[in-house]
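# Remarks on the overall topology
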Protein chains: 2
Amino acid sequence: MRNLAILALLPFALAAAPPKKLTPTDLVSAAPAAAWRTIAAEDLLVMTLEGGGRVVIQLAPAFAPVHVANIRKFAGANYWQGAAVYRVQDNYVAQWGINEAKRALSVGAVANPPAEYVRSARGLAITPLGSPDPYARSVGFWSGWPVALYKDGTASMTHCYGAVGVGRDLHPDTGTGGELYAIIGHATRQLDRNIAVVGRVVSGIEQLSALPRGSEAMGFYKEGFVAKPIVGMTLASALPPAQRPAFQYMDTASASFARYLRLRKNRNDDFYRVAAGGVDLCNVQVPVRPTPGR
Amino acid sequence: MRNLAILALLPFALAAAPPKKLTPTDLVSAAPAAAWRTIAAEDLLVMTLEGGGRVVIQLAPAFAPVHVANIRKFAGANYWQGAAVYRVQDNYVAQWGINEAKRALSVGAVANPPAEYVRSARGLAITPLGSPDPYARSVGFWSGWPVALYKDGTASMTHCYGAVGVGRDLHPDTGTGGELYAIIGHATRQLDRNIAVVGRVVSGIEQLSALPRGSEAMGFYKEGFVAKPIVGMTLASALPPAQRPAFQYMDTASASFARYLRLRKNRNDDFYRVAAGGVDLCNVQVPVRPTPGR
């Protein structure tokens, strides 16, 4: 009789047990296949470093079409072969590439692209962050990108960790895209609307963020110091299918992302005592994963 | 006559030339001696790494007095000799130290410090940031620290780049201070009010941020992998005067800091096309410098 009573009570006991509190990682793992979008191979720029390290960058043609077209031309012409990372400034940027106007023109690149620092916000269906932002009228997510919206009806990409932008000289120079940088520290949002952001690192950021910091002003390496030569940069679409990296980002309009965003604002798993109730744009980190089964 | 006319015009021409637009670095260099506060040697924790690298941490006894007292005891007893950095997670933390309850007690440390995650905001004269914050009712600066203020009348330190906190297990454990971490990526403000922040790195953060990332889950190093052994950690006050590091921070109640903060919100030197009009707390970076003439 006792045993039966215990058995009878079991389902009730199970129901009463507090549900395991989920972490953002739990939510990402549980997201259904429909919540993921595959990144086109033409939008993946693959940097190979000496020793085999790989940095994969997702390009953002919707925000900087002329710069991205230049970058695709550079990649196709093997423009970056033998380039190097020449600047690593702590809590700021790792920067690399080649700035040779003549060579850029010879591969068909546009020498003076327009200032693709903002675009019209019209037609962009934004998933709002729902927390205040110090830099813009509002911020949110569009097609997997963290973006900012301004009073004048424009929208910009944002300098979150891993964002990739185009090195340039002083205004009104915009850079060709031959020199690029990645953010390796706290978001430098003051650069938003002042520089062309062309994408973000989706894999291998540690190949850049763990490089030795430059000893010279602004983190430049001393003349002759080479931390890690770049073997080349190519589009994933130009690689043999077996060598192509393939990634997906979480659809920022999906129910899975809404749940993920809510949890980023309200971490409540066992480690947390107080949930913040808000989050800043660059601390959300849109989930990216290798395409399953490849 | 011509020459005279030109000479006569010169002062006017000089007056009409646009003044050089200052960068934050220009402002910091121009700040008078009165705008700087020297950090007490008892508040500087010096980590020496194999090979001679040095990380200097400013302690925050006003926010975590029991944890800081523990840390001073650990430093005095050479508790950390032979410890190592055992975790480096990209865009998150570098973590190091020793967690041995018995040894901690033997040096007189408090085994279970209170949860010094917040303190009363009463009496803290805050220089407000003046930009919205997603995590707290308001944020600003107190005695050189970026702090957050909450609806319930409490204040906390904030997890900006370089912040140093106390590693702990799950709630209600608070850690002894024997294991520490430094933020090496975008600010992880969700940790504010959930962990004891005991200070910040004022020099040598690149000794931690450029370490190889750990290959295991959460950035832990593989068993047996040692990136950089810790020779020891000691208070600056325990070092011979000639070897003592000495640093100053900019008084966050000074007119110099007010100008600096304004410029952090409105970068307008030649590189910038649009000034943001705001800034987030962790992108302000309270200026710190080696004490001049030492």
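Residues numbered from 1 in each chain as written. Chains lettered and ligands numbered in written order. Predicted model: local features only at pLDDT ≥ 70, side-chain atom pairs only at ≥ 80, totals over all residues. Heavy atoms only, no water.

### Some words on the packing of aromatic side chains
All names here are of chain B. As a reminder, the rule being used: Two aromatic rings from Phe, Tyr or Trp, using only the six-membered ring of Trp, form a pair when their centres are within 6.5 Å; if the ring planes differ by under 30 degrees the pair is stacked, by over 60 it is edge-to-face, and anything between is tilted. Only DSSP runs of H or I with at least four residues qualify as helices, and only runs of E with at least two residues qualify as strands; both kinds are numbered from the N terminus onward. Buried means the residue's accessible area, taken with a 1.4 Å probe over protein chains only, is under 20% of the maximum for its type, while exposed means over 50%, and partly exposed covers the values in between.
With the rule as written, the count across this model stands at 18 aromatic pairs over all chains. On the basis of an interplanar angle of 65° and a centroid distance of 6.0 Å, the ring pair of Phe63 and Trp142 is categorised as edge-to-face. On the criterion of sequence distance, the pair formed by Phe63 in the loop between strand S3 (54-59) and helix H3 (65-76) and Trp142 in strand S8 (residues 138-142) is long-range, its members being 79 residues apart. In this structure, Phe63 and Trp142 share a single accessibility class: buried.

### Notes on the sheet that holds strand S5 (residues 93-97) of chain B
Residue and element names in this part refer to chain B. Quick reminder of the rule: Two strands are said to pair when DSSP picks up at least two bridges between them. Angular values range over 0 to 180 degrees, each being the angle between N-to-C directions of two axes fitted as lines to C-alpha atoms, with helices fitted over their stretch in contact. The contact criterion used is simple: two residues touch if any of their non-hydrogen atoms lie within 4.5 Å.
The strand order across the open sheet built from 8 strands is S4-S5-S12-S11-S13-S3-S2-S14, with neighbouring strands paired in antiparallel fashion. Among the strands making up the open sheet, the edge pair consists of strand S4 (85-89) and strand S14 (230-235). Going across the sheet, the axis of each strand differs from the next one's by a mean of 25°, ignoring polarity. Here strand S2 (residues 44-49) runs beside S14; their pairing, made up of 5 bridges, is antiparallel. Pairing of Leu45 across the sheet is with Leu235, part of S14. Relative to the sheet, H3 contacts S2, S3, strand S11 (163-166), strand S12 (179-183), strand S13 (197-203) and S14, its axis offset from that of S14 by approximately 120°.

### Points about helix H6 (residues 255-265) of chain B
Those residues of H6 of chain B that sit buried are Ser256, Phe257, Tyr260, Leu261, Leu263, Arg264 and Lys265 of chain B. Here the buried face of H6 of chain B lies against helix H2 (24-30), strand S7 (127-128), S8 and strand S15 (247-250) of chain B.

### A word on the environment of Thr38 of chain A
All names here are of chain A. Which entries qualify depends on this criterion: Here a polar contact is recorded for every N or O atom pair within 3.5 Å, except that within protein the pair must consist of a potential hydrogen donor and a potential acceptor, and residues adjacent in sequence are included only if both atoms are side-chain atoms.
Position of Thr38 relative to the elements: it lies in strand S1 (residues 36-38). When the C-alpha atoms of Thr38 and Pro24 are compared, they prove to be 21 Å apart, with 14 residues separating the residues in sequence. Not counting residues within four places of it along the chain, the set of residues in contact with Thr38 comprises Phe247, Gln248 and Thr291. One polar contact links Thr38 to Gln248, side chain to side chain, over a distance of 3.0 Å.

### Considerations on the pairing of strand S5 (residues 93-97) of chain A
Residue and element names in this part refer to chain A. With respect to burial, S5 is a largely interior element, 5 of its 5 residues being buried. A two-sided burial pattern is seen for S5, the buried positions comprising Val93, Gln95 and Gly97 on one face and Ala94 and Trp96 on the other. A loop of 3 residues connects strand S4 (residues 85-89) with S5, the two strands running antiparallel in sequence, and Asn91 in this loop sits at a positive phi of about 55°. In this structure, S5 lies alongside strand S12 (residues 179-183), joined through 5 bridges in antiparallel fashion. Paired with Val93 across the two strands is Ile183, which belongs to S12.

### Some words on the interface of chain A and chain B
Keep this limit in mind: The term buried area means the drop in 1.4 Å probe accessible area that two parts suffer when joined, counted for both and summed. We count a salt bridge whenever a side-chain nitrogen from Lys or Arg sits within 4 Å of a carboxyl oxygen from Asp or Glu.
Every contact between the two is made by 44 residues of chain A and, on the other side, 45 residues of chain B. Carbon and sulfur atoms make up 54% of the surface buried where chain A meets chain B, a total of about 4100 Å² over both sides. Contact with chain B buries area across many residues of chain A, yet His186, Phe271 and Arg273 of chain A alone supply 18% of it, more than any other trio. Taken together, chain A and chain B are joined by 0 salt bridges. Between chain A and chain B we count 21 residue pairs in polar contact (both at pLDDT 80 or more) in total.

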